[in-house]
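One letter stands for each residue in the lines below.
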Amino acid sequence: MMHQKFFAYAVPLFLFFIALEYVYTKRKGKNYFQFAETVANLNVGIAERLLDVFTIIPFYYFFDYIYTHYAFFHFKIGALAYVFLFLLTDFVWYWYHRLAHEINVFWAVHIVHHQSDDFNYTVSARITVFQSVVRCLFWAALPLVGFPPYIIATFLLIHGIYPFFTHTQAIGKLGWLEYIIVTPSHHRVHHSSNPEYLDKNYGDMLIIWDKLFGTFTKEKDEPVYGLTKSLNSHSFLWQHFHYMLELTVAFRSAEGMKAKTAVIFGRPDTVDPRYRLYLEKRLLNIRPSVPTTNGMRVYISAQTAISLILLFCLIYWIDSLSFAQSFLLSIFIIVSLINSGAIMEQRNWIFYLEYLRMVILLTATWLYFPNMLTGISILLLSVILIYFFRPIKKRYFAFMYQTALG
């Protein structure tokens with residue numbers, strides 16, 4: 001379908017602008033990109049785009065069901081209706097975004113977007129599928145009011161593209177436009193952890209809502225990006241689930257239903273920061289900072305590039321793939337994303353993920369070419385991989401960590 005191919009082409013298009021920003025800022029002598037942060041940002045974005053392939057149709061039918069059965073009105077599509085829909089879409093976004101910062105259960109899915117200590121176009125990719133689900137619930141107000149789903153989908157597409165270009169330090173203030181639209185300057189404020197900038201500038205395309213509801217502030221001092229307490233981890237899984245785990249511990253520790261309810265619907269700054277320290281010691285096992293080796297950089301870069309290529313192929317040819325093929329390809333990408341984060345944290349169990357990926361590849365090969373020759377080849381390769389497990393593991397770690405391990 002055309003819309004699926006459009007989403008596929010969006011992958012290289014956004015990568016082009018990321019590369020353009022990188023080259024431009026480097027020529028200006030600015031260091032806005034860190035390797036580990038860039039990879040972590042792209043990994044989150046790859047996962048979200050991947051899962052969107054399977055959620056976009058349910059979201060559409062969810063809107064269609066509301067529009068068909070519960071819409072207050074049925075607007076005739078014209079110029080005034082488009083203007084009203086644009087304003088309403090942006091208004092709903094403002095309140096979704098604001099509540100995502102003010103209510104723990106929503107912050108648990110939105111926090112991933114604010115974890116990066118960098119601020120560049122790759123940060124715009126840090127959106128989880130959990131966040132997409134929550135946004136979908138807020139945007140259910142649009143078909144409820146009376147706008148048809150196919151029109152809503154068009155406007156949400158615009159809302160997905162525009163914010164990409166506000167995640168940059170390469171563009172300064174934009175004169176009179178600063179009074180009307182959300183600019184990179186406004187969004188730099190929103191992503192900073194400076195005390196004077198916290199909980200400000202929630203708008204997506206229009207800055208008027210922040211000015212109307214008292215959440216606007218100008219960019220004055222140099223922003224410091226990331227969370228108020230840096231995450232200190234590039235683990236793909238930890239980035240997605242650490243705050244959910246913190247809320248779980250806080251909920252179990254709270255005494256009485258009132259206190260437990262306050263954990264879920266209270267503000268993020270009321271959650272005891274010691275819960276994260278407790279979870280980090282118990283689950284994350286943070287190691288001393290070690291340098292990234294050349295082997296790690298080459299391997300992770302190649303792995304990320306392959307994941308992006310596979311993502312493009314999956315989106316582009318999704319209609320031609322069987323469920324089993326789509327599933328295996330998706331699992332391969334997700335395991336690769338987990339692997340990249342684990343490599344950067346120098347986890348010993350990454351080698352087992354490599355074997356898991358090999359199992360996925362061999363299974364996919366059999367599904368594509370189910371014949372005797374393929375079966376014999378897979379069997380022989382499996383025997384070799386099992387027999388030479390330890391030597392392969394030793395060489396793998398020597399290549400990956402030789403500088404860091406001396």
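Report follows, based on the coordinates. (Residues numbered from 1 in each chain as written. Predicted model: local features only at pLDDT ≥ 70, side-chain atom pairs only at ≥ 80, totals over all residues. Heavy atoms only, no water.)

## So, a positive patch on the surface
- On the surface, a cluster of positive charge is contributed by Lys173, Lys211, Lys218 and Lys220.
- Tracing the chain through its elements places Lys211 in helix H9 (residues 208-213). (Patch = residues over 30% accessible without salt bridge, like charges linked within 9 Å, V, L, I, M, F, W, Y side chains within 5 Å. Areas by Shrake-Rupley, 256 points an atom, 1.4 Å probe, with all protein chains shown as cover. Salt bridge = Lys/Arg side-chain N within 4 Å of Asp/Glu carboxyl O. Lys, Arg positive; Asp, Glu negative; His and termini not counted. Charge placed at Lys NZ, Arg CZ, Asp CG, Glu CD. Helix = DSSP H or I, 4+ residues; strand = E, 2+ residues; numbered from the N terminus.)

## A closer look at the pattern of salt bridges
- Overall, the coordinates contain 11 salt bridges when judged by the stated rule.
- Glu246 is paired through a salt bridge with Arg276; the nearest N and O atoms lie 3.2 Å apart. Placement of the pair is Glu246 in helix H10 (residues 236-253) and Arg276 in helix H12 (residues 274-284), with a sequence separation of 30 residues. A single burial state applies to Glu246 and to Arg276, both of which are buried. (Buried < 20%, exposed > 50% of the residue type's maximum accessible area, 1.4 Å probe, protein only.)

## A short note on the packing of helix H13 (residues 294-316) against helix H14 (residues 323-344)
- It is at 10 Å that the axes of H13 and H14 come closest, and there the two elements cross at 155 degrees. Classified by the angle between their axes, H13 and H14 sit roughly antiparallel to one another. Note that H13 runs across H14; the crossing there is left-handed. Each of Met296, Tyr299, Ile300, Gln303, Thr304, Ser307, Leu310, Leu311 and Leu314 in H13 lies in contact with H14, whose residues at this interface are Ser326, Leu329, Ser330, Phe332, Ile333, Ser336, Leu337, Asn339, Ser340, Ile343 and Met344.
- A breakdown of the residues in the contact of H13 with H14 according to their chemical character gives 12 nonpolar, eight polar and no charged. (Axes fitted to C-alpha atoms, helices over the stretch in contact; angles between N-to-C directions. Parallel < 35°, antiparallel > 145°, perpendicular 65-115°, else oblique. Left-handed = near helix turned anticlockwise from the far one by under 90°. Contact = heavy atoms within 4.5 Å. Nonpolar A, V, L, I, M, F, W, Y, C, P; charged D, E, K, R; others polar.)

## Focus on the packing of aromatic side chains
- According to the stated counting rule, one finds 43 aromatic pairs in the structure shown.
- When the centroid spacing of 4.6 Å and the interplanar angle of 20 degrees are considered together, the rings of Phe14 and Phe164 count as stacked. One end of the pair, Phe14, is in helix H1 (residues 2-27); the other, Phe164, is in the loop between helix H7 (149-161) and helix H8 (184-191), with 150 residues separating them in the sequence.
- The interplanar angle of 50 degrees and the centroid separation of 5.7 Å between the aromatic rings of Phe84 and Phe147 together place this pair among those described as tilted. Pair noted here: Phe84 is in helix H3 (residues 79-102) and Phe147 is in the loop between helix H6 (141-145) and H7, with a separation of 63 residues, a long-range link.
- Judged by its relative accessible area of 36%, Phe84 is partly exposed. (Phe/Tyr/Trp six-rings, centres within 6.5 Å; stacked < 30°, edge-to-face > 60°.)

## Digging into unusual backbone geometry
- Look at Asn201: it is not a glycine, yet its phi comes out positive at around 55 degrees.
- Its place among the elements puts Asn201 in the loop between H8 and H9.
- One non-glycine residue, Gln346, lies in positive phi territory at about 55 degrees.
- If you trace the backbone, Gln346 turns up in the loop between H14 and helix H15 (350-368).

## Quick notes on the nonpolar core
- Residues Ile46, Leu311, Ile315, Ile333 and Leu337 are the most contacted members of the largest nonpolar core, which totals 22 residues.
- Those elements that provide at least two residues to this core are H1, helix H2 (35-70), H13, H14 and H15.
- For this core, the leading source of residues is H14, giving seven residues.
- Ranked by size, the runner-up nonpolar core spans 20 residues in total, among them Leu85, Val92, Val109 and Val134. (Core = buried A, V, L, I, M, F, W, Y, C linked by side-chain atoms within 4.5 Å.)

## Notes on the side chain of Asp210
- Within the element layout of this structure, Asp210 appears in helix H9.
- Nearest to the buried, unbridged Asp210 among oppositely charged side chains is Arg98, at 7.0 Å.
- Reaching out from Asp210, the side chain makes a polar contact with the side chain of Thr215 at a distance of 2.6 Å. (Polar contact = N/O pair within 3.5 Å; in protein donor to acceptor, adjacent residues only side chain to side chain.)

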